[in-house]
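# Analysis of the macromolecular model
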Amino acid sequence: MKITRIETFAVPPRWLFCRVETDDGVVGWGEPVVEGRAEVVRAAIDVLAEYLIGKDPLRIQDHWQVLTKGGFYRGGPVLSSAVAGLDQALWDIAGKTYGAPVHALLGGPVRDRVRVYAWVGGDEPAELTEQITAQVEAGFTAVKMNGAGATSPVATAAETAAVVDRVAAAREVLGPDRDVAVDFHGRFTAASSRRVLAELAALHPLFVEEPVVPEHSHLLPGLVAATPVPLATGERLYGRTEFLPVLAAGIAVAQPDLSHAGGISEVHRIASLAETYGAQLAPHCPLGPIALAASLQVAFATPNFLIQEQSRGIHYNKDADLLSYLVDPEPFRFVDGHAPRGDAPGLGITIDEAAVREADRTGHTWRNPVWRHPDGSFAEW
């Protein structure tokens with residue numbers, strides 16, 4: 001079996017899909033994208049495809065080595081995301097070839113269902129009670145919310161109180177038996193995070209995500225030591241070597257993204273590395289159906305898995321949603337806040353190829369917003 005064609009599709013709201021075809025007619029799908037830079041990743045796929053065309057798709061680990069290391073210059077979000085999508089597609093082909101779900105090829109399932117959480121509140125979180133109530137009524141046992149919008153370099157008393165008040169409102173709706181995770185999104189400095197974390201501890205968040213931007217990861221040991229709140233990070237880390245220092249710093253939850261951190265192959269290895277530090281895996285995934293399908297396959301085969309992000313109803317999804325490009329939405333039918341394990345081969349989903357090709361004719365040019373402080377200086381988004 002040989003790879004004969006690799007195509008990419010820019011589909012709304014902000015995703016990039018790739019399709020890998022073989023001479024045996026087996027097709028695999030992946031989701032390689034850097035949100036806001038889809039065109040750049042698309043170009044990277046074209047370059048990497050030069051190597052893959054004509055190769056045996058089942059040599060996944062060998063291809064991963066060549067694609068990540070064979071160009072001499074390594075790493076970074078664009079290359080890692082391009083490799084991630086291709087890796088997903090190759091695992092999809094392998095599962096379809098062997099007639100087994102990817103989680104079986106990873107060593108078999110360790111659980112029967114995967115806990116998922118729902119997003120509430122957008123980039124400027126405001127009223128949350130109704131949104132959280134709706135998710136509880138839909139059966140979810142956990143939600144995640146942004147802690148704040150643009151935040152001063154040193155958070156003011158009002159900004160700190162607003163974060164705490166929002167999380168307190170969430171806790172009131174959720175009660176003691178459900179969970180709330182809080183995403184700081186790198187919008188806080190280490191000093192501001194330390195101050196806010198002290199106020200949040202009594203509200204028992206499941207975790208606080210990205211308390212500092214990834215380039216300030218060297219400050220995580222001090223934050224871990226200063227708070228009992230579990231800290232999480234990883235959506236902007238792209239491989240084991242970048243996860244090693246943050247795991248050594250004592251983070252409780254590793255959050256690699258299956259579409260950024262080298263795909264199924266590397267995230268499976270990151271999970272094993274995290275396990276040696278007693279950290280849990282909660283893959284980042286505010287993306288599309290292929291990324292979620294890949295995440296779930298890893299989750300089913302990962303002992304130290306905690307919870308899965310998913311984008312159904314998320315505030316980024318304007319022109320399409322998680323189910324828009326699926327033939328059958330059944331794999332993402334969440335029951336009591338969990339995704340049941342399926343046994344369909346490969347990634348376990350069937351992409352509506354006609355819908356994808358039609359959507360690509362329109363495409364998208366999604367860009368994240370650029371925020372500024374009142375004095376006109378740049379603010380973290």
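Residues numbered from 1 in each chain as written. Predicted model: local features only at pLDDT ≥ 70, side-chain atom pairs only at ≥ 80, totals over all residues. Heavy atoms only, no water.

## Examining the nonpolar core
Among the nonpolar cores identified, the biggest contains 106 residues, and F17, L86, L200, I264 and F332 are the most heavily contacted of them. By residue number, the principal contributor to this core is helix α11 (residues 289-300), which donates 9 residues. Mapped onto the domain boundaries, this core takes at least three residues apiece from domain 1 (3-103) and domain 2 (108-345). The residues touching I264, leaving out its near neighbours within four places in the chain, are D87, Q88, W91, V102, L106, L258, A294, V298 and L347. Membership of the second largest hydrophobic core comes to 16 residues, among which are I307, Y316, W371 and W381. (Core = buried A, V, L, I, M, F, W, Y, C linked by side-chain atoms within 4.5 Å. Buried < 20%, exposed > 50% of the residue type's maximum accessible area, 1.4 Å probe, protein only. Helix = DSSP H or I, 4+ residues; strand = E, 2+ residues; numbered from the N terminus. Domains from an automatic or database assignment. Contact = heavy atoms within 4.5 Å.)

## Let's talk about the side chain of Q310
Examined against the element boundaries, Q310 turns out to sit in the loop between β11 (308-309) and β12 (338-340). For Q310, a relative accessible area of 1% puts it in the buried group. For Q310, the side chain forms a polar contact with the main-chain oxygen of Y117, separated by 3.0 Å. There is a polar contact of 2.9 Å between the side chain of Q310 and the backbone nitrogen of R312. Excluding residues within four positions of it along the chain, Q310 makes contact with V116, Y117, A118, W119, F140, C285, L292, L322 and F334. (Polar contact = N/O pair within 3.5 Å; in protein donor to acceptor, adjacent residues only side chain to side chain.)

## A look at the sheet that holds strand β2 (residues 15-22)
Pairing is antiparallel across the open sheet formed by 3 strands, whose spatial order is β1-β2-β3. Because the sheet does not close on itself, it has two edges, and the strands there are β1 (3-11) and β3 (27-30). Direction aside, neighbouring strands of the sheet carry axes that sit 20 degrees apart on average. As paired elements, β2 and β3 share 4 bridges and run antiparallel to each other. In the strand pairing of β3, E21 is matched with V27. Contacting β1 and β2, helix α1 (residues 38-52) crosses the sheet at an angle of about 180 degrees to β1. Helix-sheet contacts for helix α12 (residues 353-362) involve β1, β2 and β3, and the interaxial angle to β1 is about 60 degrees. (Pairing = 2+ DSSP bridges. Axes fitted to C-alpha atoms, helices over the stretch in contact; angles between N-to-C directions.)

Purely spatial values, then, with no claim about function.
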